[in-house]
Amino acid sequence: MKLNWENNWLRMVGDAEHFSLEGRIFHANCIAIILAVFFTAVYNYVTALHYAVLISIVILLVQIGLFGLSRLKGKTKLAVRLSVIQINTAITVAYFYNAGAEGSIMLLFVLSLFLIFLIIPRKKLTVWYFFNLLSVFALLGIEYFYPNSIQQHYFSRAEGFIDIAFTYLLVSVMIAVGTIQLRRSYRAQKEKAEEKAVKLELMNQEKDKLFSIIAHDLSTPLNSLQQYLQLLNEMELSAQERLDVERNLATSLSDAQYLLGNLLEWAKKQLHNAPMNLKPMVLHTQVWPTLRMFEQVASRKNITLVVDIDKDATILADKNMFDLVLRNLLNNAIKFTNLNGKIWVNTIVDKNHCVLVIKDDGIGISQERQDKIFSLNIASSYGTMNEKGTGLGLLLCKDFIIQQGGDIWFTSAANEGTTFYVKMRLAQ
């Protein structure tokens with residue numbers, strides 16, 4: 001019930017995305033003014049203040065129009081200025097028809113001043129403040145020097161007390177509404193600012209981690225290249241020595257290229273420049289080019305790839321995202337599998353999903369590293385032949401699979417191997 005009331009109130013006053021704080025406060029006060037003026041008109045009719053009734057009706061209609069001008073047409077600044085003018089003008093006229101200084105109108109001038117401070121932009125506050133003061137002292141001066149200018153008085157002492165009490169109640173309600181709306185908006189903006197601060201802090205942490213990865217991992221192949229060039233310039237190498245250096249250099253540069261590929265994909269994701277394009281994709285057809293490419297990489301460590309993929313499974317996926325996930329998982333499986341090891345690639349298909357399973361009999365993942373495997377907080381690690389790992393690839397895998405409506409998880413034990421599961425929706 002409370003939630004429905006808050007939602008209805010939000011629809012009436014507007015949300016922070018489309019209206020400024022002053023605009024939302026103006027809308028809230030418009031609603032309060034419309035209700036208050038309606039009840040004031042009824043009260044003035046009962047107490048025979050007929051001129052005040054007419055003034056109240058005019059204020060009511062004008063305020064409804066100004067609320068619509070701001071809330072529906074979006075012309076809040078214009079509506080605010082016109083509202084302040086019409087309220088002060090109406091109060092000024094009502095002063096002469098509602099017992100003057102003896103009546104309750106001075107309380108309404110205080111309310112008008114409160115509204116001015118709530119909804120008028122700061123640069124124009126001074127002008128409107130002095131406008132309010134000038135109106136009050138001008139009316140007091142006119143009544144003092146021209147007492148007969150007051151056209152209507154109370155018929156009894158009790159009527160005057162009741163009017164002042166009713167107006168005070170009206171003013172207190174209006175001040176309460178304005179203050180509550182102000183505090184509510186302040187809390188909402190504070191919470192939003194705190195949420196943004198937390199997100200910014202997390203982004204900064206990821207950025208710092210990413211920069212440390214770049215600085216550490218890219219320096220290795222670049223240093224290797226520099227040392228190789230120095231060796232060529234400074235000393236004679238045998239054919240075998242040259243071949244060994246070139247192999248090591250090729251491995252280092254390959255790792256750097258792989259890291260840069262992941263880094264570019266991560267950057268695209270962060271900048272929202274990598275739109276997702278989900279399409280039906282025959283899994284068997286999609287993964288074979290990548291598997292053939294990694295067969296050559298696996299052959300360097302004499303690793304056997306055992307492939308058993310359902311030829312009819314058609315998943316819903318983004319080709320580029322899915323290929324990156326597959327490359328990272330296969331690369332990691334080969335990297336952390338021992339010489340003469342095995343890697344199995346197979347599928348499990350049910351009614352709505354297909355699970356791609358990539359299993360190796362490698363060194364596995366230690367228990368203390370498993371909770372951090374899909375984050376940037378995991379420390380770099382080395383493969384069975386000192387291949388460099390960064391953890392950035394698995395972070396991308398997790399993000400990309402979730403974006404495609406899938407899931408990814410793993411099971412692992414030290415020295416027993418690791419199995420990754422990638423669950424994707426089947427195309428209907």
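Just so it is clear, the structure is predicted and the values come from calculations on it, not from any experiment.

Chemist: Can you help me understand empty space enclosed by the protein in this one?
Modeler: Remark: the empty space left among the atoms is shown by a probe the size of a water molecule rolled over them. Evaluated as defined, the whole model comprises two cavities of 30 Å³ or more. The volume enclosed by the largest cavity comes to roughly 420 Å³. Looking at the largest cavity, it is lined by 26 residues, and the ones nearest its centre are Val37, Thr40, Ile59, Leu108 and Leu170. Mapped onto the lining of the largest cavity, the elements with two or more residues apiece are helix H2 (21-46), helix H3 (50-71), helix H4 (76-97), helix H5 (105-119) and helix H7 (157-234). When grouped by side-chain class, the residues that make up the lining of the largest cavity number 18 nonpolar, seven polar and one charged. Of the voids in this model, the second largest cavity is the one considered here, and its volume is about 80 Å³. Residue lining of the second largest cavity: 13 residues in total, with Ser83, Val84, Ile87, Leu115 and Ile119 positioned closest to the centre. Elements represented by at least two residues in the lining of the second largest cavity include exactly H2, H4 and H5. Residue classes in the lining of the second largest cavity are distributed as eight nonpolar, five polar and no charged.

Chemist: Teacher, can you tell me more about the packing of aromatic side chains here?
Modeler: Given two aromatic rings, one states the distance between the centres and the angle between the planes to describe the pair. Following the criterion strictly, the structure yields nine aromatic pairs and no others. Pairing Phe374 with Phe420 gives two aromatic rings, centres 6.4 Å apart and planes at 80 degrees, and the pair type is edge-to-face. With Phe374 in the loop between helix H11 (367-370) and strand S6 (381-382) and Phe420 in strand S9 (residues 417-425), the pair connects residues that are 46 residues apart, well separated along the chain. An identical accessibility class is assigned to Phe374 and Phe420; each is buried. Each residue in the set Phe117, Tyr129 and Phe130 is aromatic and connected to the rest through ring pairs, giving one cluster. The ring of Trp344 is capped by Lys359, whose NZ or CZ atom sits 5.5 Å from the centre of that ring.

Chemist: Hey, could you run me through unusual backbone geometry in this one?
Modeler: Excluding glycine, residues mostly carry a negative phi; peptide bonds, for their part, are mostly trans. Phi at Asn340 is positive, roughly 65 degrees, even though this residue is not glycine. Looking at the secondary structure, you find Asn340 in the loop between helix H10 (319-335) and strand S4 (342-349). The phi angle at Asn415 is positive, at roughly 65 degrees, despite the residue not being glycine.

Chemist: Which parts of the structure should I look at to understand the nonpolar core?
Modeler: In this structure, Ile315, Phe322, Leu329, Ile358 and Val422 are the most contacted members of the largest nonpolar core, which totals 40 residues. Counting only elements with at least two residues in this core, the list comes to helix H9 (283-299), strand S3 (314-317), H10, S4, strand S5 (353-360), helix H12 (392-403), strand S8 (407-413) and S9. The element best represented in this core is H10, accounting for nine residues. Ignoring sequence-local partners within four residues, the contact set of Phe322 consists of Met281, Leu283, Gln286, Val287, Ile315, Ala317, Leu356, Gln404, Val422 and Met424. In this structure, Ala36, Ile91, Leu111 and Leu139 belong to the second largest nonpolar core, which totals 25 residues.

Chemist: Honestly, the pattern of salt bridges in this entry has me stumped. Any pointers?
Modeler: Any two side chains of opposite charge can pair if their charged atoms end up close together. Per the stated rule, a full pass over the model turns up two salt bridges. Across the pair Lys319 and Asp323 runs a salt bridge, and its minimum N-O distance is 3.3 Å. One end of the pair is Lys319 and the other is Asp323, both in helix H10 and four residues apart, which spans about a single turn. On the basis of relative accessibility, which here comes to 46%, the residue Lys319 falls in the partly exposed class. For Asp323, a relative accessible area of 9% corresponds to the buried category.

Here is what the cut-offs are and how they apply
- Residues numbered from 1 in each chain as written.
- Predicted model: local features only at pLDDT ≥ 70, side-chain atom pairs only at ≥ 80, totals over all residues.
- Heavy atoms only, no water.
- 1 Å grid on protein atoms, 1.4 Å probe; cavity = no way out; pocket = protein on both sides within 12 Å on 5 of 7 lines; lining within 4 Å.
- Points joined across faces, edges and corners; volume = space filled by probe spheres on them.
- Helix = DSSP H or I, 4+ residues; strand = E, 2+ residues; numbered from the N terminus.
- Nonpolar A, V, L, I, M, F, W, Y, C, P; charged D, E, K, R; others polar.
- Phe/Tyr/Trp six-rings, centres within 6.5 Å; stacked < 30°, edge-to-face > 60°.
- Buried < 20%, exposed > 50% of the residue type's maximum accessible area, 1.4 Å probe, protein only.
- Lys NZ or Arg CZ within 6 Å of the ring centre and 35° of its normal.
- Core = buried A, V, L, I, M, F, W, Y, C linked by side-chain atoms within 4.5 Å.
- Contact = heavy atoms within 4.5 Å.
- Salt bridge = Lys/Arg side-chain N within 4 Å of Asp/Glu carboxyl O.

Take it as geometry only, folks, not as evidence of what the structure does.
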